[in-house]
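Geometric and topological summary
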Amino acid sequence: MPLIEVNHVRKVFEMNVRREGRFGTMLSLVRPEKREVVAVEDISFTIERGESVAYLGPNGAGKSTTIKMLTGVLEPSGGELRVAGRVPHRNRKLSSYQIGVVFGQRSQLLFDLPVQDSFDFLRYMYSISWERYHRNLKEYAELLEVSHLLKRPVRTLSLGQRMRCEILAALLHDPDILFLDEPTIGLDVVAKERIRAFIESINREQGVTLLLTTHDMHDIERLCHRTMIIDKGKLIYDGSLQYIRDHFATERQIRAVFSDPAAASNAAQVFAGMREVAVHTEEQVVRVTYDQHATDTSELLRLLLQKANPRDLTMQDESIDALISRIYREGIDSGARRPAASVGGSGR
Ligand SMILES: Nc1ncnc2c1ncn2[C@@H]1O[C@H](COP(=O)(O)OP(=O)(O)OP(=O)(O)O)[C@@H](O)[C@H]1O
Ligand SMILES: [Mg+2]
């Protein structure tokens, strides 16, 4: 049985709309006007034990809403949802023993008290034995490098220090699943790397199942073997990041430097008239941009080396960041070189 099962799940929020003017305000008090916001439209997927899944999508796509339903904070408006065999919003207390949650934008630590007090409180809440508590606390605090922070009030910690403590807090009770909603938001490169290394180790070594939302592609490249993309409340992709790389039109750029602008301009002529190849010349630099799946890189390089005499050559691929933003902007079908077979599938 999959650890997480989501079957045609919907979430609709009802909001009161304020009418304009004094009369409108009064009318709204007596007869409120309601408007529906469909946050999650009709989503189905399963996640097996031990998987590490990225849940991507542009702002407002429905990612946090999905995580809130999976953790029992919100009740779905339709469909069925099971986490470790339980319906989360109906069995919130029991479900919470198997779930750890980290919301990058929200804290579960007690702000004015020392970090350790929050951990002690969680020990009590989850009835963790003292032995297990001390073992987990010691091990995770060392791995996350927070041992020296335990006596400090939470409000005095930097964002990166607090996030590491938040992750520790989410794992004290040995959950099977860890939901991470933007765990690296606002952190510097070093802090992000530390958190990634830790999350990777608890997935690989302890088998904790991960579902992670992020806007940072490095998180996914490092941590997740499977990627789901949600847009306007609908799941539009379920597969690997590599599949997106391999099967979507992706730009590559060759940058060639010449000894002088005249040589550069001559070299640019080599590519004149070639279809689907864009050439830009600036002083002694020529940039050749093309779809790496449609045009053969070796052919372009051969032409360049045979007919011109570059001093230096470098190549750069479109970043996965740029590619994913393009999918957000233009839709999953826009850049597909052939239909994505894994769309809607399990990605494994
Ligand atoms: N409590 C709420 N009441 C009304 N609308 C809501 C509520 N929570 C979320 N929404 C709406 O539901 C949609 C999905 O929001 P959600 O927070 O799930 O997006 P997200 O994918 O997490 O985005 P982000 O990347 O910005 O965090 C948005 O249109 C949002 O405005
Ligand atoms: Mg969100």
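Rules used in this analysis
- Residues numbered from 1 in each chain as written.
- Chains lettered and ligands numbered in written order.
- Predicted model: local features only at pLDDT ≥ 70, side-chain atom pairs only at ≥ 80, totals over all residues.
- Heavy atoms only, no water.
- Near = heavy atom within 4 Å.
- Polar contact = N/O pair within 3.5 Å; in protein donor to acceptor, adjacent residues only side chain to side chain.
- Areas by Shrake-Rupley, 256 points an atom, 1.4 Å probe, with all protein chains shown as cover.
- Helix = DSSP H or I, 4+ residues; strand = E, 2+ residues; numbered from the N terminus.
- Salt bridge = Lys/Arg side-chain N within 4 Å of Asp/Glu carboxyl O.
- Buried < 20%, exposed > 50% of the residue type's maximum accessible area, 1.4 Å probe, protein only.
- Core = buried A, V, L, I, M, F, W, Y, C linked by side-chain atoms within 4.5 Å.
- Contact = heavy atoms within 4.5 Å.
- Expected span 1.5 Å × (residues − 1).
- Arc of directions from axis to C-beta.

Of all residues adjacent to ligand 1, which total 13 residues, the nearest are Gly-60, Gly-62, Lys-63, Ser-64 and Thr-65. Contact between ligand 1 and Gly-60: an oxygen atom at 2.8 Å from a main-chain N or O atom of the residue. Here an oxygen atom of ligand 1 sits 2.9 Å away from a polar atom, N or O, in the side chain of His-215. Protein contact buries 65% of the 640 Å² of open area that ligand 1 shows by itself. Of all the secondary-structure elements, those providing two or more residues to the shell around ligand 1 are strand 1 (4-17) and helix 2 (63-70). Of all the elements, helix 2 adds the most residues to the shell around ligand 1, at three residues.

Turning our eyes to something else, we now look at the pattern of salt bridges. Tallying each qualifying case throughout the model produces 21 salt bridges. Arg-49 is the partner of Asp-176 in a salt bridge, and the nearest nitrogen-oxygen pair spans 3.8 Å. One end of the pair, Asp-176, is in the loop between helix 6 (159-171) and strand 6 (177-181); the other, Arg-49, is in the loop between strand 2 (33-47) and strand 3 (52-56), with 127 residues separating them in the sequence. For Arg-49, a relative accessible area of 54% corresponds to the exposed category. Arg-194 is paired through a salt bridge with Glu-145; the nearest N and O atoms lie 3.5 Å apart. Note that Arg-194 is positioned in helix 7 (residues 189-204) and Glu-145 in the loop between helix 5 (130-143) and helix 6, a separation of 49 residues in sequence. According to the relative accessible area criterion, Glu-145 is partly exposed, its value standing at 39%. Each member of the salt-bridge network shares a partner with another, and the members are Lys-192, Glu-193, Arg-196, Glu-200, Arg-204, Asp-216, Asp-219 and Arg-222.

Turning next to unusual backbone geometry. Positive phi outside glycine occurs at His-8, with the angle close to 50°. Turning to its location among the elements, His-8 is positioned in strand 1. The exposure class assigned to His-8 is partly exposed, which follows from its relative accessible area of 48%. The phi dihedral of Lys-232 falls on the positive side, at around 45°, and the residue is not glycine. Tracing the backbone through its elements, the reader meets Lys-232 in the loop between strand 8 (226-231) and strand 9 (234-239).

On to the environment of Cys-224, then. With respect to the element layout, Cys-224 can be found in the loop between helix 8 (217-223) and strand 8. The class of Cys-224 is buried, set by a relative accessible area of 11%. Placed 200 residues apart in sequence, Cys-224 and Gly-24 show a C-alpha to C-alpha distance of 50 Å.

Our next topic: the nonpolar core. Core analysis: the largest hydrophobic core is formed by 55 residues, its most contacted members being Phe-119, Leu-168, Leu-178, Ile-229 and Ile-324. Per-element accounting of this core gives the leading share, seven residues, to helix 6. Residues contacting Ile-229, with those up to four places away along its chain left out, are Leu-56, Lys-234, Leu-235, Ile-236, Tyr-237, Ile-244, Ile-324, Ile-327 and Tyr-328. Leu-3, Val-40, Phe-179 and Leu-211 belong to the second-largest nonpolar core, a separate cluster that totals 24 residues.

Now for helix 6. The end-to-end C-alpha separation of helix 6 is 19 Å, in line with the 18 Å expected for 13 residues at 1.5 Å each. Burial of helix 6 is extensive: twelve of the 13 residues sit out of reach of the surface. Taken together, the buried positions of helix 6 are Gly-160, Gln-161, Arg-162, Met-163, Arg-164, Cys-165, Glu-166, Ile-167, Leu-168, Ala-169, Ala-170 and Leu-171. Among the structural elements, strand 5 (99-103), helix 4 (115-125), helix 5, strand 6 and helix 7 are those in contact with the buried residues of helix 6.

Moving on: helix 11 (residues 297-307). Considered for burial, the residues of helix 11 that qualify are Thr-297, Leu-300, Leu-303 and Leu-304. On an axial view of helix 11, the arc spanned by its buried residues comes to 130°, and they lie on one face. Residues of helix 11 that are exposed and angled more than 90 degrees away from the buried face: Leu-305 and Gln-306. Buried positions along helix 11 lie against strand 10 (251-257), strand 12 (285-291) and strand 13 (312-317).

In short, the description is geometric, and any link to function would need to be established separately.
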